[in-house]
Each structure stands twice: as C-alpha cells, then as structure tokens.
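The chain contents come next:
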Amino acid sequence: MSAKESAANDALKHTPGKVLAVAGKDAIIVSLGSKQGFKEGDKLNLYETTDMKDTQGNVVYTDEKLVGEITLQSVQEDKSRAAYSGDLTVKQGWTVKAK
C-alpha cells in the first residue's frame, strides 16, 4: 500500500459514524464497516448526542459527550454489529468515532 493509500485509509477511519439501531447491549448496529477500514475487534468511542434547536425546531447545534466505547463483533462493508459493556442505554442516532 502506498503512503497516499494509507493516508486515504486513515482519513476514512476518522469519519464519524452513527448508531443505526439498538437491539441490545451486544447488538448495536453502526454505520461504519470494512469500507472505512474497520475490522472485527476494533474499539470505537461512543458519544451521546444532544441536539439544540431553534424556535422553529431546526437543529442548530449538536453536542457530543463521550460515554464509553463499543467493540466491533461482526463487520460488513458499510455497517457493523458491536457490543457495549457500559451502564447507559445506547440510543439510535448517537455518534461513534475511531479511538
């Protein structure tokens, strides 16, 4: 792999993802996969998001608070299944990022 390809892969890996669905602590589906350079066993930071809206209800700012990490268990091209061992109830729409 060339340095240019490596830099492109690093950039992809730093693309934030979203929690797409939550079926339990060990079945959290996120929008990142092998296409972004992730593999089984990778750990991602998990952020709780809070939207701040204007008087018309439009989201004008999203605050992110680091609440823990998830571990990828099964990786597909554009999504992955992960597990979370923390105490919070993970919600759809939260953000995940490479550590």
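Residues numbered from 1 in each chain as written. Predicted model: local features only at pLDDT ≥ 70, side-chain atom pairs only at ≥ 80, totals over all residues. Heavy atoms only, no water.

> Teacher, can you tell me more about the sheet that holds strand 3 (residues 43-53) here?
Note on sheets: strands pair through backbone hydrogen bonds, and any given pair is parallel or antiparallel. With antiparallel pairing, the six strands of this closed barrel are ordered in space as 1-2-5-4-3-6. In this sheet, adjacent strand axes meet at a mean angle of 45° when their direction is disregarded. In this structure, strand 2 (residues 28-30) lies alongside strand 5 (residues 80-84), joined through three bridges in antiparallel fashion. Counterpart to Ile29 in the pairing with strand 5 is Arg81. (Pairing = 2+ DSSP bridges. Helix = DSSP H or I, 4+ residues; strand = E, 2+ residues; numbered from the N terminus. Axes fitted to C-alpha atoms, helices over the stretch in contact; angles between N-to-C directions.)

> I tried to follow the packing of aromatic side chains on my own but got confused; where do I start?
How two aromatic rings sit relative to each other is given by the distance of their centres and the angle of their planes. Tallied over the entire structure, the rule returns zero aromatic pairs. A cation over a ring is seen here: Lys97 above Tyr47, with NZ or CZ 5.0 Å from the ring centre. (Phe/Tyr/Trp six-rings, centres within 6.5 Å; stacked < 30°, edge-to-face > 60°. Lys NZ or Arg CZ within 6 Å of the ring centre and 35° of its normal.)

> Just to check I follow, could you spell out the nonpolar core for this structure?
For soluble globular proteins, the rule of thumb is that nonpolar side chains tend to be buried together. If you look at the biggest cluster of nonpolar residues, it comprises 16 residues, and the most contacted ones within it are Val19, Leu46, Ile70 and Val96. Secondary structure elements with two or more residues in this core: strand 2, strand 3, strand 4 (59-75), strand 5 and strand 6 (95-98). Sorting elements by how many residues they give to this core places strand 4 first, with three residues. Beyond its immediate sequence surroundings of up to four residues, Val96 is in contact with Pro16, Gly17, Lys18, Val19, Val30, Leu32, Leu44, Asn45, Leu46 and Ile70. (Core = buried A, V, L, I, M, F, W, Y, C linked by side-chain atoms within 4.5 Å. Buried < 20%, exposed > 50% of the residue type's maximum accessible area, 1.4 Å probe, protein only. Contact = heavy atoms within 4.5 Å.)

> Just checking my understanding: could you explain the pairing of strand 6 for this structure?
Side-chain positions along a regular strand alternate between the two faces of the sheet. As defined by bridge partners, strand 1 (residues 17-22) adjoins strand 6 across two bridges and the pair is classed as antiparallel. Along strand 6, the bridge assignment pairs Lys18 with Thr95.

> Please clarify how the environment of Lys25 should be interpreted in this entry.
Here Lys25 is to be found in the loop between strand 1 and strand 2. Through-space distance from the C-alpha of Lys25 to that of Gly86 is 8.5 Å; in sequence the pair is 61 residues apart. The residues touching Lys25, leaving out its near neighbours within four places in the chain, are Ala82, Ala83, Tyr84, Ser85, Gly86, Asp87 and Leu88.

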